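Per-entry structural report
Listed below are the residues making up each chain.
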Amino acid sequence: MPLPSSSRKDSKNKAKSKSKKAHRKSPSKKGQKDDMHLEEEQEQEEEENPQEGEPTPAVRPEVYLPFASANANARANPEAAAAATAHAAADDDEAMEDYGAAELEYDPTAYDCLHALAFEWPCLSFDVLRDALGEGRKAFPHAMYVVAGTQADAANKNCLVVARLTNLGQGRHGMRRGKNAKKSRHDDSSDDEDEEDSSDEGDYSSDEDEDSSDEEGGEGGGFQDAAMQAAGAGGSSADERPRLSCRLVAHHGGVNRVRSMPQLPNVVATWGETGAVQIWDVSAQLASIAAEDASEPRKHAPTGSQSTTAPLRVAPLHAFTGHRDEGYAIGWSPVARGALASGGCDGAIYMYDPAESCASWSVPSTPFQGHGGSVEDIAWSPTEAGVFASVGTDATLRIWDARKRNGAALVAKVSPGCDVNVLSWNALASMMVLTGDDDGRCRVWDLRNFGGGGGAPAASEFTPSAVADLHYPRGAAVTSVEWSPHESSVFVASSSAGVVNLWDLSLEADPTEELELRDQMGTRGQDAIAPDDLPPQLLFVHQGQSDIKESKFHSQIPRMVLSTAADGFNVWMPSNTGEFV
């Protein structure tokens, strides 16, 4: 089967990191432009089907959303942006040769949407905040809240960024099918029959011309935010462009990891490079964004717009400095409201017990001990309040009972001779755990196959067999993994090779189907035959970002993925993933 992807490749990261794990840190490099506005790319779209022999058009994000410090007032420079994009594409071609992956052509219909944004400084980590706009949102344009932490070149320049993105449409990406082309947001759940009738044989067409004629409606309001309710649920004008609103909280030192509490999205925990774990309340920043005048007419505003304020210095709700070194592992329990755990490069894991109001926390002085090296990631059980998992540089996956600090309940050697960097626990299939290693492998584990640990020495640690062992490209460290919140067999993984992969464990190779598709495609039929080194479970490959650190699904917008890298964020939705719900 053909693999939709981008022809832009990941740029080589030439910056030297001071971190113990080089792929963890982002180079502290300012954004390409100091600007307070959004600028939409003005290039005309290439023909959807270029003539044979013509170069395939490169993937381009629908908009570039530059972010700058509060005192910046220069207007955006579209020519500079185009030149920077061309330069990045050239670097990407060189980088592709370095890790040996096959060059992939960009299909104009590969994405249902693709947007790019950049803050003043790179962000090593981010999280998507849950909102009140509803679950399973499908119709464009979309809106969302995110929180991110910067990695500036000086400790006093860093901040926690609370951002709202609104009016994220499809632009020239995506395709509409048959009579559903003009469906509005109100029609999402009412035309299931029509959708089935047209999904197989409908004509594909670009959204660039159709997007402005969509009907618009509204539903719900996140954080009682009227502006988001209007823009995120259709907006007041088809001529509106994507809008970015930011509020900044001063954060001393770079932010290694940031996570929002599932039950209270305004409560955010950060792991800092100074060695402190801090818990923040960003409700004031969310309220400030919500206070923006929702009725302000933006139809005649510049192409895209942005609002921000100077960083505010506020005290965190809680600060913990008990770790002897910095770290990256931090996670909130999805079951026990306010329960938090952090693991550091010192090998210790600390538990944070919340007060009833979640306005303060107490941290027992005795940590959970067992890892023989740095604790790299933590994930809580999606079903049990007192159970969490951790992975580390000692190549082990450990399952902990929060009531026992003298050793893990289960210990498994999941990656002999290799650091385990990241971890995700499947919320839809609670016995499945996913890990990502330094050698580029994503492994899926069934906890029912694990043996007991009980703090046993490394010599007696159990080595289970993985349910799945996937890697593409080979040899590039996995920097993040996350299970889909909508489909138990799907997960997203980013790597230091500059790719974000979507995997689906339910997929299998079907040579007969490939041959039939080859015959149907005529002169391009060879594209239907998957390369031998391409795993059949590889659903989608996203490229074009440099030094990718994290990728996440949006839990309330099926198929929407966000990824952060040294050169900014991408917000994208692949078109070949179908419906997860």
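Quick caveat: nothing in here was measured; it's all calculated off a predicted structure. (Residues numbered from 1 in each chain as written. Predicted model: local features only at pLDDT ≥ 70, side-chain atom pairs only at ≥ 80, totals over all residues. Heavy atoms only, no water.)

1. Notes on the sheet that holds strand E23 (residues 442-446)
To keep it simple, the criterion reads: Being paired, for any two strands, means DSSP has found at least two bridges between them. Only DSSP runs of H or I covering at least 4 residues are called helices, and only runs of E covering at least 2 are called strands; the numbering of each starts at the N terminus. Axis definition: a line fitted to C-alpha atoms, over the contacting stretch in the case of helices. Angles run 0 to 180 degrees between N-to-C directions.
On the basis of which strands lie adjacent, the open sheet formed by four strands has the order E21-E22-E23-E24 and antiparallel pairing. Lying at the two open borders of the sheet, with one neighbouring strand each, are strand E21 (420-425) and strand E24 (468-470). On average, adjacent strands in this sheet sit at an angle of 20 degrees to one another, irrespective of strand direction. By the bridge criterion, five bridges tie E21 to strand E22 (residues 432-437) in an arrangement that is antiparallel. Note on E22: the bridge partner recorded for valine 420 is aspartate 437.

2. Focus on the packing of aromatic side chains
Applied cut-off: A pair of Phe, Tyr and Trp rings is counted when the ring centres sit within 6.5 Å of each other, with Trp represented by its six-membered ring. The angle between the planes then sorts it: under 30 degrees is stacked, over 60 is edge-to-face, the rest tilted. Throughout this description, buried means an accessible area under 20% of the type-specific maximum (1.4 Å probe, protein chains only), exposed means over 50%, and partly exposed covers the range between.
One pass over the structure, following the stated rule, counts 15 aromatic pairs. The interplanar angle of 90 degrees and the centroid separation of 5.4 Å between the aromatic rings of phenylalanine 368 and phenylalanine 388 together place this pair among those described as edge-to-face. Pair noted here: phenylalanine 368 is in the loop between strand E16 (361-362) and strand E17 (375-380) and phenylalanine 388 is in strand E18 (residues 387-392), with a separation of 20 residues, a long-range link. Among the residues examined, phenylalanine 368 registers a relative accessible area of 1% and is labelled buried. A relative accessible area of 0% places phenylalanine 388 in the buried class. Each ring, one from phenylalanine 388 and one from tryptophan 400, has its centre 6.2 Å from the other, and the planes form 15 degrees; the classification is stacked. Of the two residues, phenylalanine 388 sits in strand E18 while tryptophan 400 sits in strand E19 (residues 396-401), which places them 12 residues apart along the sequence.

3. Details of the environment of methionine 261
To be explicit about the condition: Residue contacts are counted whenever heavy atoms from the two residues lie within 4.5 Å of one another.
In this fold, methionine 261 is placed in the loop between strand E8 (255-260) and strand E9 (267-272). Judged by its relative accessible area of 1%, methionine 261 is buried. Considering only alpha carbons, one finds methionine 261 and arginine 337, 76 residues apart in sequence, at a separation of 8.0 Å. Sequence-distant contacts of methionine 261, that is, excluding residues within four places in its chain, are made with Val267, Trp332, Arg337, Gly338, Cys358 and Trp361.

4. Observations concerning the nonpolar core
The condition that has to hold: As used here, the term nonpolar core means buried Ala, Val, Leu, Ile, Met, Phe, Trp, Tyr and Cys residues forming a set that is joined through side-chain atoms within 4.5 Å.
Phe119, Met144, Ala163, Leu165 and Val571 are the most contacted members of the largest nonpolar core, which totals 24 residues. For this core, the elements supplying multiple residues, two or more each, are strand E3 (111-118), strand E4 (123-129), strand E5 (142-150), strand E6 (159-168), strand E7 (243-250) and strand E31 (568-574). The element best represented in this core is E6, accounting for five residues. Val478, Val481, Trp483 and Ala493 belong to the second-largest nonpolar core, a separate cluster that totals 18 residues.

5. Quick word on a negative patch on the surface
Short version of the rule: Patch construction takes residues with relative accessible area above 30% that form no salt bridge. Like charges are linked within 9 Å, and nonpolar side chains (Val, Leu, Ile, Met, Phe, Trp, Tyr) are linked within 5 Å. Only the protein chains shown count as covering a residue, and every accessible area follows the Shrake-Rupley method with a 1.4 Å probe. What counts as a salt bridge is simple: a side-chain nitrogen of Lys or Arg found within 4 Å of a carboxyl oxygen of Asp or Glu. Lys and Arg are tallied as positive, Asp and Glu as negative. Neither His nor the chain termini are counted. In plain terms, the charge of a residue is placed at NZ if it is Lys, CZ if Arg, CG if Asp and CD if Glu.
Taken together, Glu508, Asp510, Glu513 and Glu516 make up a surface patch of like negative charges. Structurally, the position occupied by glutamate 516 is in helix H5 (residues 511-521).

6. A short note on the environment of valine 375
For valine 375, the position within the fold is in strand E17. Note: C-alpha distance between valine 375 and threonine 393 (18 residues apart in sequence) is 6.7 Å. Valine 375 has contacts with Ala329, Gly343, Gly344, Gly347, Ala348, Ile349, Ser390, Val391 and Gly392, leaving out every residue within four places of it along the chain.

7. Concerning unusual backbone geometry
A cis amide bond links phenylalanine 140 to the next residue, proline 141, at an omega of 0 degrees. You can see proline 141 is positioned in the loop between E4 and E5. A cis geometry characterises the amide bond from tyrosine 472 onward to proline 473, with omega recorded as -5 degrees. In this model, asparagine 167 sits at a positive phi of 60 degrees, which is unusual for a non-glycine residue.

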